[in-house]
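# Report on the structure
Each chain, letter by letter, is given below.
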Amino acid sequence: MHNKDVSMVESGNSSNNATTNEPVDDDLNRWLPITASRKAKWWYSTFHNVTAVVGAGVLGLPYAVSQLGWIPGMGMIIISWFVTLYSLWQLVNLHEHVPGKRFDRYPELGKHVFGLKRGYWIVMPQQMIVQVASDIVYMVTGGKSLKESMHTMFHWSKGINQTCFILFFGVLQLILSQAPNFNSLKVVSFTAAVMSLSYSTISSVASIIKGIEHPQPVNYGRRSHTPAGITFDIFNSLGTIAFAFAGHSVALEIQATIPSTPEKPSKGPMWRGVTVAYAIVAFCYLAVAASGFWAFGNLVDDDVLVTLKHPHWLIALANFMVFLHVLGSYQVFAMPVFDMIECYLVKKRHFTPGRPLRLIARSIYVVVTMFVGMCFPFFGGLLGFFGGLAFSSTSFFLPCIMWLVSQKPKRWSFHWIASWLAIIIGVSITVLAPIGGARTIIISAKNYKFFD
């Protein structure tokens, strides 16, 4: 499997390497999954971004609101929407802010802004944490949603535990992971985007119907009653909301699939797709968060579909839609990881680019995320912990820091003030949210049995 075609990895100097400080040549770039195809349309950006952003996190938003309360909870979702839309605009414009050069991967932009070695080690670990953590959570979500759907519709399936459903989800990912490049996922990603809009709508409508047809005393106070419990819940809710805006970690990679010329740069169609995607995000997030908390108050589960039990067929359908959605979301987040792994194996380990390399490398990654997901299926805690640990960085304040360093806006100008506000909000989430998420995981683990 060792590479005999030395020219493939030694010629050219067209772009930065996603995994080292050495350049990637044109031939290798034409093989790597992020840059292999640059034929995407602007609407590809829409459903790729919807698939990346509207993920498992939307189902946890009513729970997050129950931890914060009505006004702070909804207010934090709205603030996060504006902040992340602004930071995404920054990334879209930074993609080609150097004439004649495209920063196709998040670490490439980091190396340009912060320096080759320092920039790579600032950005790459944070992006990889987001990608891998998202895929672990999607493993849990996919298995859990399929279990809920099957258990609701078929009584015979109640003897099958969640671990088996996660295993089945992982097997499907082994198949999907062999898609050669980002654009080859367009049908999968489009289906996932439609599913996310569909199950968000079902969740909202079912919650409203539940609240109207089955009125009962609803407590809208915070879930915890002790100062310590309230504090930790607030921390965890910040991470849950941050997790719901995790799509920035693949934004540059999505834009890399769009063709670009000096007359028609990629930022035009990319931003058009982003604005449509974020309009869909606003509808899904606000509708699910408000209706779920209104219907159930502080008794809502960390996955609102678990709280919704009737009508059985509709909830089963919504859970199955979640399952289909995270099938695509997993791949959107995995593609930059595949790109990094394959680049490293070809450049550093001198493996031959080809199907055997992809089959082995990608399968190992899927199996590892599946195993971790089966061991630690704590949905609510995972959202809060990972959401604060790295997601708030890549989505909330890292693009703003890059903008300040590279564009140097005037002090007290709009972009200077907006960037610093986003940095303050993002850093606060990064510091506080993992504390609440870790506590939730510890509490959940007390009564957990491995592979149950």
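Because the structure is a prediction, the values reported are computed rather than measured.

What follows concerns the pattern of salt bridges. This structure, assessed with the given rule, holds eight salt bridges. Between Asp339 and Arg105 there is a salt bridge; the shortest N-O distance is 2.6 Å. Remark: Arg105 occurs in the loop between α5 (70-94) and α6 (106-114) and Asp339 occurs in helix α14 (residues 312-347); sequence separation between them is 234 residues. When its relative accessible area of 2% is taken as the criterion, Arg105 is described as buried. Measuring nitrogen to oxygen at the nearest pair gives 3.8 Å for the salt bridge that ties Glu148 to Lys147.

So, about the packing of aromatic side chains. Counted according to the given criterion, the structure contains 23 aromatic pairs. Consider the rings of Trp81 and Tyr278, whose centres lie 5.7 Å apart with planes at 50 degrees: the pair is tilted. Linking Trp81 in helix α5 with Tyr278 in helix α12 (residues 267-296), this pair joins segments that are 197 residues apart in sequence. Take Trp81 and Tyr278: they sit in the same class, and that class is buried. Residues Phe169 and Tyr330 carry aromatic rings whose centres are separated by 6.4 Å and whose planes lie at 80 degrees to one another, so their mutual orientation is edge-to-face. One end of the pair, Phe169, is in helix α8 (residues 162-176); the other, Tyr330, is in helix α14, and 161 residues separate them in sequence. Residue classification places Phe169 among the buried residues on the basis of a relative accessible area of 0%.

What counts as what
Sequence order as written defines the numbering, with residues in each chain counted from 1. Per-residue local features of the predicted model are confined to residues with pLDDT of at least 70, and side-chain atom pairs are confined, for both listing and counting, to 80 or more; whole-chain, interface and lining totals are unaffected and use all residues. Side-chain metrics in this entry use all non-hydrogen atoms of the structure; hydrogen atoms and water are not considered. A pairing counts as a salt bridge when a side-chain nitrogen of Lys or Arg comes within 4 Å of a carboxyl oxygen of Asp or Glu. Each helix is a run of DSSP H or I of at least 4 residues and each strand a run of E of at least 2, with the numbering of both proceeding from the N terminus. Exposure categories follow from relative accessible area, calculated using a 1.4 Å probe and restricted to protein chains: below 20% of the type maximum is buried, above 50% is exposed, and the middle band is partly exposed. Classification of ring pairs rests on two measures: the distance between centres of Phe, Tyr or Trp rings, Trp counted by its six-membered ring, which must be within 6.5 Å, and the angle between planes, read as stacked under 30 degrees, edge-to-face over 60 and tilted in between.

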